[in-house]
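Read off the chains here:
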Amino acid sequence: MQQRKVLAAAVTALCASALLAAAPAQAEDVVRLGNLKFAHYGAVSYMKELCAKYDLKVEERMFPKGPDIMPAIVAGEVDIAALASDGAISGRANGVPIYTVAGFAKGGARLVAGADTGIRDIQGLKGKKVGVTRGGAHELLLYAELEKAGLTWSDKPGKDVQIVFLAFADLNQALAAKQIDAMCQSEPQSSQALNKKFGVEIMKPYNTAMGEPVRLLVMTEKLYNEKKDVAQRVMKCFVEATALFNKDMALAEKYVREQMFKGQISSQDFKDAMDNADYTYDVSPEHIDITTSFMQKYGVGRMAKPPKAAEWVKLDLLQKAKTELKVK
């Protein structure tokens, strides 16, 4: 009898062990990322390569510009997004339920003139056509620098500078074709214009109270409030990806050039782009409030109710992730 009990117990244990081994692994939490195709957005994109380590599956979707991501968030199609601060501020001002949870890059803008225009400083833009993408940080940076230089502007003739609104992807072609005289462009496209010799640098537009623009990582209120554990793992994945890119620029270059741009930019384009940008983690509420005030001043973003940073900047997940990963 005792032997039968021992045998039965052994069989039960073996069956339980077999069932456990056959059980599927815990499903990964899916997080949908809205991103933009720029060199300094590379670390955010690299989260896809690390996410399994954090029991996550990051599904990335590329958008033409930051404000285009907002309708996707409202529709419940995006959980986290990388975009310029003004796009995030405008979205929040108009009721998009997002929090800023980190900064991920700073810099990444350049004012470039056509190589044969003779324009070498911002005063040389008087009487010229300047291309910029509507609703991006570059529009805000351009207006701030024009005002500082005492120049007026409009998208209609009659002011010192005529603004021509074009998509980021079309600005370089327009400058090369001499349809515009200058452009305020992102990286690596502005570096490409210099390296291909159809553009010359006027300035990096960081000389106003805004300083270098900080790009924001935003998260839906739903993810932040209702899935705190998932949100924290997302933040750790982001911090590790950024730390890796800062530690190993060769890895960053390989990933950005081969995976994001599919060989469309050169090694020199990437290096020049990142000489004018940095992968980072941090953003201050003060910077966001200053950017908001500039948006109000220039009418960028059509804000129904300009938000205060204290209402929607949540940096607790970032600080915890940096502490746990021993990142400064």
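Up top is the structure.
Here the structure is a predicted model, which means the values were calculated and not measured.

Engineer: Would you mind showing me how to read unusual backbone geometry here?
Structural biologist: Outside of glycine, negative phi angles account for most residues, and trans bonds account for most peptide bonds. Of note, the amide linkage connecting E187 to P188 takes the cis form, showing an omega dihedral of 10°. Mapped onto the secondary structure, P188 falls in the loop between β9 (182-186) and α7 (189-195). One non-glycine residue with positive phi stands out, namely K262, at about 50°. Note that K262 resides in the loop between α10 (249-260) and α11 (267-275). Residue classification places K262 among the exposed positions, given a relative accessible area of 58%. Although it is not a glycine, R302 adopts a positive phi angle of roughly 50°. Along the chain, R302 falls in the loop between α12 (285-298) and α13 (309-312).

Engineer: Can you walk me through the pairing of strand β4 (residues 98-107) in this structure?
Structural biologist: Along β4, 9 of the 10 residues are buried, which leaves the element largely enclosed by surrounding structure. Taken together, the 7 bridges between β4 and strand β11 (residues 214-220) define a ladder with antiparallel strand orientation. Bridge pairing links I98 to T220 in β11. Both β4 and strand β12 (residues 277-279) contribute to a ladder of 3 bridges, which runs antiparallel. Bridging from a neighbouring strand, G107 pairs with A277 of β12.

Engineer: How do you make sense of the environment of I122 when you look at a structure like this?
Structural biologist: On the secondary structure map, I122 appears in the loop between β5 (109-114) and β6 (129-132). The buried category is assigned to I122, whose relative accessible area is 13%. In this structure, the C-alpha to C-alpha distance between I122 and Y99, residues 23 residues apart in sequence, is 36 Å. If we skip the residues at most four places from it in the chain, I122 touches L111, E145, L146, A149, L151, I202 and M203.

Analysis parameters
- Residues numbered from 1 in each chain as written.
- Predicted model: local features only at pLDDT ≥ 70, side-chain atom pairs only at ≥ 80, totals over all residues.
- Heavy atoms only, no water.
- Helix = DSSP H or I, 4+ residues; strand = E, 2+ residues; numbered from the N terminus.
- Buried < 20%, exposed > 50% of the residue type's maximum accessible area, 1.4 Å probe, protein only.
- Pairing = 2+ DSSP bridges.
- Contact = heavy atoms within 4.5 Å.

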